[in-house]
Amino acid sequence: MQHEAHTAHEHHRAHEHAHHHHAPAATWAMAAQATLHCLTGCAIGEVLGMVIGTWLGWGNAPTMALAIALAFFFGYSLTLRGVLKAGVGLRAAVRVALAADTLSIAVMELIDNGVIALWPNAMDAHLDDTLFWGALAASLVIAFLATTPVNKWMIGRGKGHAVVHRYHH
């Protein structure tokens, strides 16, 4: 009887261990891929927001707010599309996208918009100015470089894009 109890206890512990998700080994390649995915959505929204706001002659604050809102929208949308394609329901897919992308997009947008705001005359540049496109491109590169370590840290803890990878086959 004692042997059976011991075996049942070991089985229970092994079962618990099997269901406990260990964080994946976070490589720089994984982090760069996750950041590039995030950057794609952010860049679409950021560029679109800056172009629309500048084209409409909006001030810096509303233009930047639109760019940030669109960056989050497109960033989440790209993740949502992939998770929905894996057969996850909409409510669960939204939760996955929020968990996977919020910190990454927030860091990317903070760095990206911070660079543009601090770059001399970048906020006053027009669509036909090299400065507009150069500052925007440079800000996205700097944001990518700053966000990659954040994504590596998150993936190593089973967070961020590690959540999305559970839905890829």
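Residues numbered from 1 in each chain as written. Predicted model: local features only at pLDDT ≥ 70, side-chain atom pairs only at ≥ 80, totals over all residues. Heavy atoms only, no water.

> Looking at this structure, how should I read the UniProt feature "transmembrane region" (unreviewed entry) in the chain?
Mapped onto this structure's residue numbering, the UniProt feature "transmembrane region" (unreviewed entry) falls at residues 38-58, 64-84, 96-119 and 131-150. Here residues 96-119 is 96% helix and 0% strand, with 35 Å between the C-alpha atoms at its ends. Counted over residues 131-150, helix gives 100% and strand 0%. Its end C-alpha atoms are 29 Å apart. (UniProt positions renumbered as here; feature names shortened; annotations may be inferred. Helix = DSSP H or I, 4+ residues; strand = E, 2+ residues; numbered from the N terminus.)

> Quick question: what am I supposed to make of the packing of aromatic side chains here?
Both the distance between ring centres and the angle between the ring planes are used here to describe each pair of aromatic rings. For the coordinates displayed, the defined rule picks out 3 aromatic pairs. An angle of 50° between the planes, with centres 5.8 Å apart, marks the rings of Phe72 and Tyr76 as tilted. Taken together, the residues span about one helical turn, with Phe72 and Tyr76 both in helix 3 (residues 60-85) at a distance of 4 residues. In this structure Phe72 comes out as partly exposed when scored by relative accessible area, which is 22%. (Phe/Tyr/Trp six-rings, centres within 6.5 Å; stacked < 30°, edge-to-face > 60°. Buried < 20%, exposed > 50% of the residue type's maximum accessible area, 1.4 Å probe, protein only.)

> Before we go on, may I ask you to explain the nonpolar core in this structure?
In globular proteins that are soluble, nonpolar side chains generally tend to be buried together. Counting 19 residues, the largest nonpolar core has Cys42, Val83 and Met108 as the members making the most contacts within it. Listing elements by their share of this core, those giving two or more residues are helix 2 (28-55), helix 3, helix 4 (90-118), helix 5 (130-156) and helix 6 (161-165). The element contributing the most residues to this core is helix 4, with 6 residues. Sequence-distant contacts of Met108, defined by excluding residues within four places in its chain, comprise Thr35, Cys38, Leu39, Cys42, Ala143, Phe144 and Thr147. (Core = buried A, V, L, I, M, F, W, Y, C linked by side-chain atoms within 4.5 Å. Contact = heavy atoms within 4.5 Å.)

> Please clarify how the state of the cysteines should be interpreted in this entry.
Linking two cysteines covalently through their sulfur atoms gives a disulfide. Tallied over the entire structure, the rule returns 0 disulfides. Left without a disulfide partner, Cys38 is nearest to the cysteine sulfur of Cys42, which lies 3.9 Å away. Cys38 gets classed as buried once you look at its relative accessible area, which sits at 2%. (Disulfide = S-S within 2.5 Å.)

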